[in-house]
Amino acid sequence: MSKSSKPTSEDILAQANTLRWDLGREFHQRLVETVYGEAARLADRAVTRPEKKPRFDFDRTIDRIVTSRIFGFPIMFLLFALVFWLTIAGANVPSRWLSILLLEKVYPLLHAAATGIGFPWWLTGLLVDGIYLATAWVVSVMLPPMAIFFPLFTLLEDFGYLPRVAFNLDNLFKRSGAHGKQALSMMMGFGCNAAGMVATRIIDSPRERLIAMITNNFALCNGRWPTQILIATIFIGALVPPHLAGLISASAVLGIAMLGVLLTFVVSWALSRTVLRGEVSTFSLELPPYRPPRILQTIYTSIVDRTIYVLWRAVVFAVPAGAVIWLVANIDIGSMSIAEHVIEFLDPFGLLIGLNGVILLAYVIAIPANEIVIPTVLMLTVLATGMSGVGQGAGVMFETGTGDTLAILQAGGWTLLMAVNLMLFSLVHNPCSTTIYTMYKETGSRKWTALAALLPLGMGFVLVFLVAQVWRLIEALI
Amino acid sequence: MTGGWITSFILAGAVVGLGIIVFYLRKLWLRRRRRSFRVMGEDVLKQIYNATACEREVSLDSVSDKLRIPPKRAQLLLEILHEQGLLRIEADRLRLTPSGERYALHIIRAHRLWEHYLAEETGFPEHEWHGRAEKREHFLAPEDTQALSAKLGHPTHDPHGDPIPSHDGELFDVRGQPLSSLPEGQLARIVHIEDEPECVYSRLIEDGLYPGMEIQMLEVDSSGVRFMAEGVEHRLLPLPAANVSVIGQDEAMDEGLLGESLSILKPGRRGEVLGLSPRLRGAERRRIMDLGVLPGTEVVAEMVSPSGDPTAYRIRGALIALRKEQANLIRIRVLDRDSVEQEPLSARASMGS
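Criteria and cut-off values
- Residues numbered from 1 in each chain as written.
- Chains lettered and ligands numbered in written order.
- Predicted model: local features only at pLDDT ≥ 70, side-chain atom pairs only at ≥ 80, totals over all residues.
- Heavy atoms only, no water.
- Contact = heavy atoms within 4.5 Å.
- Salt bridge = Lys/Arg side-chain N within 4 Å of Asp/Glu carboxyl O.
- Helix = DSSP H or I, 4+ residues; strand = E, 2+ residues; numbered from the N terminus.
- Nonpolar A, V, L, I, M, F, W, Y, C, P; charged D, E, K, R; others polar.
- Pairing = 2+ DSSP bridges.
- pLDDT = per-residue confidence, 0-100.
- Core = buried A, V, L, I, M, F, W, Y, C linked by side-chain atoms within 4.5 Å.
- Buried < 20%, exposed > 50% of the residue type's maximum accessible area, 1.4 Å probe, protein only.
- Phe/Tyr/Trp six-rings, centres within 6.5 Å; stacked < 30°, edge-to-face > 60°.

**Student:** Just to check I follow, could you spell out the interface of chain B and chain A for this structure?
**Tutor:** Size of an interface, as often reported, equals the accessible area lost when the parts are brought together. Of the residues lining the interface, 62 residues belong to chain B; the matching set on chain A comes to 51 residues. Linking chain B with chain A are 9 salt bridges, by the criterion used here. When residues of the side of chain B that touches chain A are traced back to their parent elements, those giving at least two are helix 1 (2-34), helix 10 (282-290), strand 11 (298-304), strand 12 (311-315), strand 13 (318-322) and helix 11 (324-327) of chain B. Broken down by element, the side of chain B that touches chain A gets its largest block of residues, 7 residues, from helix 10 of chain B. Along the lines of polarity and charge, the residues of the side of chain B that touches chain A split into 28 nonpolar, 15 polar and 19 charged. Bridging between strand 1 (residues 285-286) of chain A and strand 13 of chain B involves 2 bridges; their strand directions are antiparallel.

Given below as structure tokens:
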């Protein structure tokens, strides 16, 4: 009797199976909601909050101003214009000091020292002309702007203003399927794309974060501004009377930066509707209370966490690149160096898309940092054209005045089309290796890292190819 | 130079041509794969199962119509299924054998689980779930569906309100009544929204209807139905209304679902959260709950972005911006007391008198 009435495990399971249908469809949701609700109830009962009414009103007043319909956007533009102006104006002097110190003082000393110890010429070349020079170049161009931009940006962040920027701009980003906080990682990208990659950590929605990472490269970084300014000055500024030259070349550079912002939106839109459409997407934006910025702490952390971190990664990549740059220019196969063979091989394709073999090779070997693209281009041009009396020898990167640069590039067969295409390609090509590596560390995904590297590269080739064809068509017609 | 650009045009043409060829070949290959016999056979089993449940008959013609293949191929397909012991052909009527029924239930289980997965764990838009599950259902083995079910916490219903058959092929079906058969004034709950055809379904989704939604019928006539749900009046034509099934109930179970949406709250006004709409799913739902938006929580609208969206709300002492689409899915009761308190004293005195 007792044995037969005792249910077996099968009976219990069977009964559970029938009963689960009676729970109702929202059973799970209700259960979770109850757990959350109970947690909130316990917290409300146990936690007392000090009355903070005055600060609360102060916050509300600032919020009313910085997010108002009239002042919201002008305040934002003024603040960012100020940050960029301070960065560009402030970085000039220390950049020159560093370059005098590292390139004009230490470099010859090292050269003399190496020769003095009795290093063979190739070892001196590899270590001093290749590795040391590339590293010194990256440091002197990269360090000052970053050491100014990052603390300023971090101060705004610490004060609590940046989340309000995301709040103001979210609608714009929403239309392209992105998150308002992407405005911040994009701004950070203008300083350095690798730092921009790290900055996307603030976006907690997986889809929007990937969008922000893949499109960060379209924010014209600090390493590419000098390239743009140089090429715009010597080629585009030269088209107009001298008193207009400054204005026109500055507009050309600004136009490129704006094109980058436009591409950010277009590519974000396309990504969110194609490859990323299945990724999970959520939105929430917390607007923390304002607080007085902790200036010293901010400067310390932004220099250690952002500046030194990015710089270290760039140096790690610059060392092997410096070696490669020197080696390809100095190892001969037959009568020519490897660099000349590669340039000759790449030239037809380069010319087809309105660039040339030198530029393509420079973009391959200068992948660690966009800062060394122009020095590499100049060195390779001198090498390929066999000019004498300029530059410092095979494999030694250099920079020179605008007049000499123009003379070298014209000897290398440069045209206005090539200059325009170089500016476009500098904006739309693969991110530097530091950025690619940072993206891989952040996502842990080869797939998305490859997409972030190859998508802009492919787009860049298509863009310069189309520009070249249209340009030539118009040239042929007139 | 002229030679240069002629060459480049030829090259560009070649690239475009190659692209077109590759694209076309891919399309052909995809069509072939989609049309493979196994997949078609599984679709036939599903078709017969559904028809039998609705007491409709399936003939050779309806099979060839549904799969869009010539009758000859449909005939061959049915013969193969017959040989596999999944199908009986009884004088023009098609019936599933017990093993055929089990097979069909497995496909339905895979389909509904996958829809549940898409709804909870991915960001695909609602109108795409059915189409994607139609393809995926053929590539999930019973072990896969079991693992998926466990991962999702063994859900009982798909996002359209259909029950998911259990691993042993058990299916508990609540048959609702068509929306248009509901008497005026009656309270009811939507239990099912038919996801085919897609154009009708996406219209219903756009209207904001979902299974579990509570409604109150206002008017039924030959031109359609009119009903209240979540504080909004809805109108449906007879055809879409026929695709919605409901179960009548005596009293509103969840007053929260009859409140108003957070997005109507103007800056400076207060509200009390009544609940979250079931359409707020997966990661988004968890995020909102993490922020402390729970039944009973008080919410104050603080400010609207200068670009119109999002709006910032004060929730449990924190200022949190939510987009309009999210605020639409949070049901609240507007608290008017606050606005009274903010009015000058004289106004309050006059109200008291």
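**Student:** How do you make sense of the confidence of the model for chain B when you look at a structure like this?
**Tutor:** One rule of thumb: low pLDDT means the predicted coordinates there are not for detailed reading. Residues and elements named next belong to chain B. Averaged over all residues, the pLDDT of chain B equals 81, while 87% of them reach at least 70. The element-level mean pLDDT for chain B is lowest in helix 13 (residues 345-352), coming to 38, with strand 12 highest at 93. Scored below 50 in pLDDT, residues 338-353 makes 8 contacts in the model with residues more than four places away or belonging to other chains. Listed scores for the predicted complex are pTM 0.80 and ipTM 0.81.

**Student:** Got a minute to help me understand the nonpolar core in this structure?
**Tutor:** The tendency in soluble globular proteins is for nonpolar side chains to be buried side by side. Residues and elements named next belong to chain A. Of all hydrophobic cores here, the largest spans 115 residues; its most connected members are F80, I231, L380, L409 and W414. With 14 residues, helix 6 (residues 121-159) is the largest single contributor of residues to this core. When residues no more than four places from it in sequence are discounted, the contact partners of L380 are A339, I343, V358, L361, A362 and I365.

**Student:** Help me understand the packing of aromatic side chains in this model?
**Tutor:** In this description, an aromatic ring pair is defined by two values, namely the gap between the centres and the angle between the planes. All names here are of chain A. Scanning all chains against the criterion turns up 14 aromatic pairs over all chains. Between F149 and F153 the ring centres are 5.5 Å apart and the planes differ by 25°, which places this aromatic pair in the stacked class. One end of the pair is F149 and the other is F153, both in helix 6 and 4 residues apart, which spans about a single turn. An identical accessibility class is assigned to F149 and F153; each is buried. With centroids separated by 5.7 Å and ring planes inclined at 65°, the aromatic side chains of F349 and F461 adopt a geometry described as edge-to-face. Separated by 112 residues along the polypeptide, F349 in helix 14 (residues 338-352) and F461 in helix 20 (residues 446-477) bring together distant segments of the chain. For F349, a relative accessible area of 38% translates into the label partly exposed.

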